[in-house]
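Read off the chains here:
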Amino acid sequence: MLSGKHILLVIGGGISAFKSLDLIRRLRERGASVTPVLTRAGEQFVTPLSVSALAGAKLYRDLFDLTDEAEMGHIQLSRSADLIVVAPATADLMAKMAQGRADDLASTLLLATDTPVLVAPAMNVRMWQHAATQRNIATLRDDGIRLVGPNEGDMACGEFGPGRMAEPLEIIAAMEAGFASGPLAGRHILVTSGPTHEPIDPVRYIANRSSGAQGTALAIALRDLGARVTFVTGPAAVPPPLGVQVVNVETAREMLAAVEAGLPADAAVFAAAVADWRVANASGSKLKKDGAGKAPALEFAENPDILAKVSQMKSGRPGLVVGFAAETDDVVAHATAKRLRKGCDWIVANDVSPATGIMGGAENAVTVISDAGAEAWPRMGKDAVARRLAERIAQALG
Ligand code: C5P
């Protein structure tokens, strides 16, 4: 998918710039050509020689290098690529991009371009979480710039949290997703997946047996048909797909907020097993045994029904809203009633009684319920269900 593509790679000044050397190597292995641009700060982390040697191409560093202007002006340089990738994208570089500043070669190229841009942010966790950075990210997203990562984990600065640059293979998957052609190219689809965790106290929570396998398979199938996928997931047992925008949440209320932030979308598929109830009297500190054998009484409050809320949106409702219904008896009757009650377009119903082995298993047997009636699909792998459903979604979106 990347073969023959021309990538302009802007390497900013972050410790993760070393990963960009590996990224260059992997891009070239896939038949892409790479024109590297190294910022002044980037030069503090990787040497110009290693970058140009790995790229097998001229390295661009300075806006005022007149030889370069004679050979290839910065406007032409910014537009000759199929894709511009900024990795690592520092907080400073993204701030410049969000403000439209052009005071060095990298920022000028990014302002002058009409080529799609993918950024891989990398910074200290506090810098990432700062309101200013988050404002800039929101601006960049509104401007149509795609992001990959950052990931959560141990950081070179000794802290832990989101801020690590996405791995080269993740950046490549995001690039491939951007180049994907297929019936869903240009479409944005939101998928929820996995269970939610509802806290009882800081160490205990209420969960369910959803593995996230069906939602994950669906996100992959939609991505492979060319869709841009926002994947909102609770704490799932299976890893999230590459090449999609992953939003990690824990509780139903966090999931609702992430879904609302992820809209608008052409279609939304709600495959998450959302807890219907949360603990209303969750404790801020760990509950202790009282010594007299008296167990604590948990009180419950109803969680927002995300599927119903989105299905019933007055404006900005996705063109197609698909829910899932996990039932243990009278599957079709219950699911048919659920479709009408919630107001979604389709319900994918499945029997999750323990004997079926479906919940947490690799296979699924679903009935797809729509205006047109109920259609029972044979039992097949969750991947196959996902591909068939993704094709149906592509047909419905036209
Ligand atoms: O009502 P029930 O939980 O059976 O409905 C299942 C469908 O509704 C699934 O698509 C699930 O993702 C969605 N749902 C939701 N928010 C809830 C409960 C369920 O989006 N609070």
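Residues numbered from 1 in each chain as written. Predicted model: local features only at pLDDT ≥ 70, side-chain atom pairs only at ≥ 80, totals over all residues. Heavy atoms only, no water.

**Remarks on the overall build of the protein**
Link 1 in the chain: If you tally the helices and strands in the protein, you get 14 helices and 21 strands.
Link 2 in the chain: Over its C-alpha atoms the protein spans a radius of gyration of 24 Å, differing by no more than 12% from the 21 Å that the globule rule assigns to 398 residues.
Link 3 in the chain: Overall, the protein is about 75 × 55 × 40 Å in size when its C-alpha atoms are taken along their principal axes.
Link 4 in the chain: The buried share of the protein, taken over its 398 residues, is 50%.
Link 5 in the chain: Considering only contacts in the protein between residues 6 or more positions apart, those separated by 24 or more positions represent 67%.
Link 6 in the chain: Accessible surface computed for the protein: about 18,500 Å², of which carbon and sulfur atoms make up 52%.
Link 7 in the chain: In the protein, 40 side chains carry a positive charge and 43 a negative one; their mean positions are 3 Å apart. (Helix = DSSP H or I, 4+ residues; strand = E, 2+ residues; numbered from the N terminus. Rg over C-alpha atoms; globule rule 2.2 N^0.38 Å. Buried < 20%, exposed > 50% of the residue type's maximum accessible area, 1.4 Å probe, protein only. Contact = heavy atoms within 4.5 Å. Areas by Shrake-Rupley, 256 points an atom, 1.4 Å probe, with all protein chains shown as cover. Lys, Arg positive; Asp, Glu negative; His and termini not counted. Charge placed at Lys NZ, Arg CZ, Asp CG, Glu CD.)

**As for the site of the ligand**
Link 1 in the chain: The full set of residues close to the ligand is Phe270, Ala272, Val274, Asp276, Pro304, Asp305, Ile306, Leu307, Gly323, Phe324, Lys338 and Lys342.
Link 2 in the chain: A distance of 2.3 Å is found between an oxygen atom of the ligand and a side-chain nitrogen or oxygen belonging to Lys338.
Link 3 in the chain: Going through the elements one at a time, helix H12 (306-311), strand S16 (320-327) and helix H13 (331-342) are the ones with two or more residues in the shell around the ligand.
Link 4 in the chain: Looking at the shell around the ligand residue by residue, the classes come out as seven nonpolar, one polar and four charged. (Near = heavy atom within 4 Å. Polar contact = N/O pair within 3.5 Å; in protein donor to acceptor, adjacent residues only side chain to side chain. Nonpolar A, V, L, I, M, F, W, Y, C, P; charged D, E, K, R; others polar.)

**Observations concerning the side chain of Thr113**
Link 1 in the chain: You can see Thr113 is positioned in the loop between helix H6 (105-112) and strand S4 (117-121).
Link 2 in the chain: The class for Thr113 is buried, based on a relative accessible area of 16%.
Link 3 in the chain: For Thr113, the side chain forms a polar contact with the main-chain oxygen of Ser78, separated by 2.6 Å.
Link 4 in the chain: The residues touching Thr113, leaving out its near neighbours within four places in the chain, are Ser78, Arg79 and Ile84.

**Examining the domain arrangement of the protein**
Link 1 in the chain: Under the domain assignment, the protein is made up of domain 1 (6-179) and domain 2 (188-397).
Link 2 in the chain: Spacing between the C-alpha centres of domain 1 and domain 2 amounts to 35 Å.
Link 3 in the chain: Summed over both partners, the interface of domain 1 with domain 2 buries about 460 Å², with 58% contributed by carbon and sulfur atoms.
Link 4 in the chain: Applying the counting rule to domain 1 against domain 2 returns zero salt bridges. (Domains from an automatic or database assignment. Buried area = accessible area lost by both parts, 1.4 Å probe. Salt bridge = Lys/Arg side-chain N within 4 Å of Asp/Glu carboxyl O.)

**Re the sheet that holds strand S5 (residues 146-147)**
Link 1 in the chain: Spatial ordering of the open sheet is given by S2-S1-S3-S4-S5, a layout of five strands whose pairing is parallel. Lying at the two open borders of the sheet, with one neighbouring strand each, are strand S2 (33-38) and S5.
Link 2 in the chain: As defined by bridge partners, strand S3 (residues 83-89) adjoins S4 across four bridges and the pair is classed as parallel. Looking at S4, one finds that Ala89 is bridged to Pro121.
Link 3 in the chain: Relative to S4, helix H5 (residues 91-99) is tilted by about 145 degrees, and along the sheet it contacts strand S1 (6-11), S3 and S4. (Pairing = 2+ DSSP bridges. Axes fitted to C-alpha atoms, helices over the stretch in contact; angles between N-to-C directions.)

**Topic: the packing of helix H1 (residues 17-29) against helix H2 (residues 48-55)**
Link 1 in the chain: In the contact formed by H1 and H2, the axes pass within 9 Å of each other and the chain directions differ by 10 degrees. Looking at the two axes, H1 sits roughly parallel to H2. Of the residues in H2, those touching H1 at Leu21, Ile24 and Arg28 are Ser50, Val51, Ala53, Leu54 and Ala55.
Link 2 in the chain: Within the contact of H1 with H2, the residues separate by chemical class into six nonpolar, one polar and one charged. (Parallel < 35°, antiparallel > 145°, perpendicular 65-115°, else oblique.)

**Re the packing of helix H10 (residues 213-224) against helix H14 (residues 382-397)**
Link 1 in the chain: Contact geometry for H10 and H14: axes closest at 8 Å, N-to-C directions at 50 degrees. Considering the angle they form, H10 stands oblique to H14. Relative to H14, the crossing made by H10 is right-handed. When H10 is examined against H14, the residues Ala213, Gln214, Ala217, Leu218, Ala221 and Leu222 are found in contact with a partner set consisting of Lys382, Asp383, Val385, Ala386, Arg387, Leu389, Ala390 and Ile393.
Link 2 in the chain: When the residues that make up the contact of H10 with H14 are grouped by side-chain class, the tally is ten nonpolar, one polar and three charged. (Left-handed = near helix turned anticlockwise from the far one by under 90°.)

**Focus: unusual backbone geometry**
Link 1 in the chain: With omega at 5 degrees, the peptide bond leading from Gly149 into Pro150 counts as cis.
Link 2 in the chain: Checked against the element boundaries, Pro150 lands in the loop between S5 and strand S6 (151-154).
Link 3 in the chain: Following Leu263, the chain continues to Pro264 via a peptide bond in cis, the omega torsion being 5 degrees.
Link 4 in the chain: Relative to the helices and strands, Pro264 is located in the loop between helix H11 (252-262) and strand S13 (267-270).
Link 5 in the chain: Of note, Asp330 is a non-glycine position whose phi angle comes to about 45 degrees, a positive value.
Link 6 in the chain: The residue Asp330 is located in the loop between S16 and H13 in this model.
Link 7 in the chain: For Asp330, a relative accessible area of 55% puts it in the exposed group.

**Here we look at H13**
Link 1 in the chain: The first and last C-alpha atoms of H13 sit 16 Å apart over twelve residues, in line with the 16 Å expected at 1.5 Å per residue.
Link 2 in the chain: For H13, the set of buried residues is Val331, Ala335, Lys338, Arg339 and Lys342. Along the long axis of H13, the arc covered by the buried residues comes to 105 degrees, so they all point the same way. Of the residues in H13, the exposed ones pointing more than 90 degrees away from the buried face are Ala333, Leu340 and Arg341. (Expected span 1.5 Å × (residues − 1). Arc of directions from axis to C-beta.)

**Notes on the nonpolar core**
Link 1 in the chain: Counting residues in hydrophobic clusters, the biggest one holds 32 residues, and the most contacted among them are Leu184, Ile189, Leu222, Val229, Val269, Leu389 and Ile393.
Link 2 in the chain: At the level of secondary structure, the elements contributing two or more residues to this core comprise strand S8 (188-193), H10, strand S11 (228-233), S13, S16, strand S17 (346-351), strand S19 (366-370) and H14.
Link 3 in the chain: The element contributing the most residues to this core is H14, with seven residues. (Core = buried A, V, L, I, M, F, W, Y, C linked by side-chain atoms within 4.5 Å.)

**Quick look at the side chain of Glu198**
Link 1 in the chain: By the secondary structure assignment, Glu198 is in strand S9 (residues 198-199).
Link 2 in the chain: It is Arg278 that comes nearest to the buried, bridge-free Glu198 among opposite-charge side chains, at 6.0 Å.
Link 3 in the chain: A polar atom in the side chain of Glu198 sits 2.9 Å from the backbone nitrogen of Ala252.
Link 4 in the chain: Apart from the residues lying within four places of it in its own chain, the contact partners of Glu198 are Tyr205, Ile206, Thr251, Ala252, Ala275, Trp277, Arg278 and Asn303.

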